[in-house]
Amino acid sequence: MSEILHSRIIGSGTPLIILHGFLGMSDNWKTLGAKYAENGYETHLIDQRNHGKSFHSQNFNYDLLSDDLKRYIKHHTLGKICIIGHSMGGKTAMQFACDHTELTEKLIVADISPKYYPPHHHDIINGLRALDFEKIKSRGDADAELSKFLSDFGTRQFLLKNLFWAEKGKLALRFNLPVLSTKMEEIGENISATAQFGGPTLFLKGDASEYVAETDLPEIKRHFPLAKIDTIENAGHWVHAANPTQFFEKSLAFMNS
């Protein structure tokens, strides 16, 4: 029996699946998820494999992440879904929509393109690897150690949301760092060359982010012929966190249209 992804389900109505980015988890979308739920969506906040409370695996690539999602949808008998994915979750969402057009109503991709991105998370991985939970006994201790590698407070707070008490007096990280740190190439991979989804698609990019460039447009259109691209103001890569109001308004309008 294959394992089913862990999720938090809020509300009722049209099924909406939300996928976090690399080293994130379903909790990152709790506030926005509740707002979609208030507006007629049964919102499924997913932990992808090797993240959050979902199962750990030695294997990790977008074909597998897409398969995980199909199994999840079948398990919960959801039928056609709307899907929102950020960054790595956006790649999973794109791959899934192309693999399973029959299950995808609408696709929203947050600040990522279908292209290849070279590995660029080395500082984060090195910082996380340096956390020694024999010595670290609090979130403050962990933050102090991480700050030697990462100056940005927001990034550290995002990562430290993954801390939990694995046992009495012993902190740990929820994501599967040993595997994810060796899969950096996979996380940057482009979606399958022949993949295509002909349904309604919206790309939402941050105006201060460099992840989605003008030059990506031909490749986006090749995979997603109906794609529209819109910009979230005053936002970097974490578009939904930087400007949640505008992100919510634009995504909801698109799903309701």
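Keep in mind that this is a model prediction, so the values were computed, not measured.

Draft legend 1. Just the overall build of the protein, in detail. Within the protein, the regular secondary structure consists of eleven helices and nine strands. Taking 2.2 N^0.38 as the reference for a compact globule, 257 residues should give roughly 18 Å; the C-alpha atoms of the protein span a radius of gyration of 18 Å, in line with that estimate. On the principal axes, the C-alpha backbone points of the protein span a range of 50 × 40 × 35 Å. Each of the 257 residues in the protein was classed as buried or not, and the buried ones make up 53%. Looking at the protein as shown, the accessible area adds up to about 11400 Å², and 50% of this sits on carbon and sulfur atoms. Charge centroids of the protein, computed over 28 positive and 31 negative side chains, lie 4 Å from each other.

Draft legend 2. Expanded view of the sheet that holds strand S4 (residues 81-86). With respect to topology, seven strands assemble into an open sheet ordered S1-S3-S2-S4-S5-S8-S9, the strand pairing being mixed. The open sheet has two free edges, formed respectively by strand S1 (7-10) and strand S9 (228-232), since each of these has just one partner strand. Geometrically, the sheet is characterised by an average inter-axis angle of 20 degrees between neighbouring strands, direction not taken into account. Sitting on the sheet, helix H3 (residues 88-99) touches strand S2 (14-19), S4, strand S5 (104-110) and strand S8 (201-206), and the angle it makes with S4 is about 145 degrees.

Draft legend 3. Layout of unusual backbone geometry. Backbone geometry at Leu 23 places phi at a positive 65 degrees, although glycine is not the residue there. For Leu 23, the position within the fold is in the loop between S2 and helix H1 (30-38). Non-glycine residue Ser 87 carries a positive phi angle of around 55 degrees. Relative to the helices and strands, Ser 87 is located in the loop between S4 and H3. Judged by relative accessible area, which is 12%, Ser 87 ranks as buried.

Draft legend 4. Highlighting the side chain of Asn 162. When you line up the elements, Asn 162 lands in the loop between helix H6 (153-160) and strand S6 (163-167). In this structure the side chain of Asn 162 is engaged in a polar contact, spanning 3.0 Å, whose partner is the backbone oxygen of Leu 23. Each residue touching Asn 162, except ones within four places of it in the same chain, is listed here: Leu 23, Gly 24, Met 25, Ala 172, Leu 173, Arg 174 and Phe 175.

Draft legend 5. Structural view of the packing of aromatic side chains. On inspection of all chains with the given rule, the structure shows five aromatic pairs. For the ring pair Tyr 36 and Phe 248, a centre distance of 5.1 Å and an interplane angle of 50 degrees mean the geometry is tilted. Taken together, the residues span a long stretch of sequence, with Tyr 36 in helix H1 and Phe 248 in helix H11 (residues 244-256) at a distance of 212 residues. Using a relative accessible area of 0% as the deciding quantity, one classes Tyr 36 as buried. Note on Phe 158 and Trp 238: the rings are 5.3 Å apart at their centroids and 55 degrees apart in plane angle, and the pair reads as tilted. With Phe 158 in helix H6 and Trp 238 in the loop between S9 and helix H10 (239-242), the pair connects residues that are 80 residues apart, well separated along the chain.

Draft legend 6. Fine view of the pattern of salt bridges. Following the criterion strictly, the structure yields nine salt bridges and no others. A salt bridge links Arg 71 to Asp 68; the shortest N-O distance between them is 2.8 Å. Within this pair, Arg 71 and its partner Asp 68 are both found in helix H2 (residues 62-75), separated by three residues, close to a single helical turn. Across the salt bridge formed by Glu 134 and Lys 170, the nearest N and O atoms sit 3.2 Å from each other.

Draft legend 7. Representation of the state of the cysteines within the structure. In the structure shown here, the tally under the stated rule is zero disulfides. Lacking any disulfide linkage, Cys 98 is separated from the closest cysteine sulfur, that of Cys 82, by 16 Å. For Cys 98, a relative accessible area of 12% gives the class buried.

Draft legend 8. Fine view of the environment of Glu 249. Assignment of secondary structure puts Glu 249 in helix H11. For Glu 249 and Asp 47, which are 202 residues apart along the polypeptide, the C-alpha to C-alpha distance reads 24 Å.

The rules we used
- Residues numbered from 1 in each chain as written.
- Predicted model: local features only at pLDDT ≥ 70, side-chain atom pairs only at ≥ 80, totals over all residues.
- Heavy atoms only, no water.
- Helix = DSSP H or I, 4+ residues; strand = E, 2+ residues; numbered from the N terminus.
- Rg over C-alpha atoms; globule rule 2.2 N^0.38 Å.
- Buried < 20%, exposed > 50% of the residue type's maximum accessible area, 1.4 Å probe, protein only.
- Areas by Shrake-Rupley, 256 points an atom, 1.4 Å probe, with all protein chains shown as cover.
- Lys, Arg positive; Asp, Glu negative; His and termini not counted.
- Charge placed at Lys NZ, Arg CZ, Asp CG, Glu CD.
- Pairing = 2+ DSSP bridges.
- Axes fitted to C-alpha atoms, helices over the stretch in contact; angles between N-to-C directions.
- Contact = heavy atoms within 4.5 Å.
- Polar contact = N/O pair within 3.5 Å; in protein donor to acceptor, adjacent residues only side chain to side chain.
- Phe/Tyr/Trp six-rings, centres within 6.5 Å; stacked < 30°, edge-to-face > 60°.
- Salt bridge = Lys/Arg side-chain N within 4 Å of Asp/Glu carboxyl O.
- Disulfide = S-S within 2.5 Å.

Keep in mind these numbers describe shape, not what the thing actually does.
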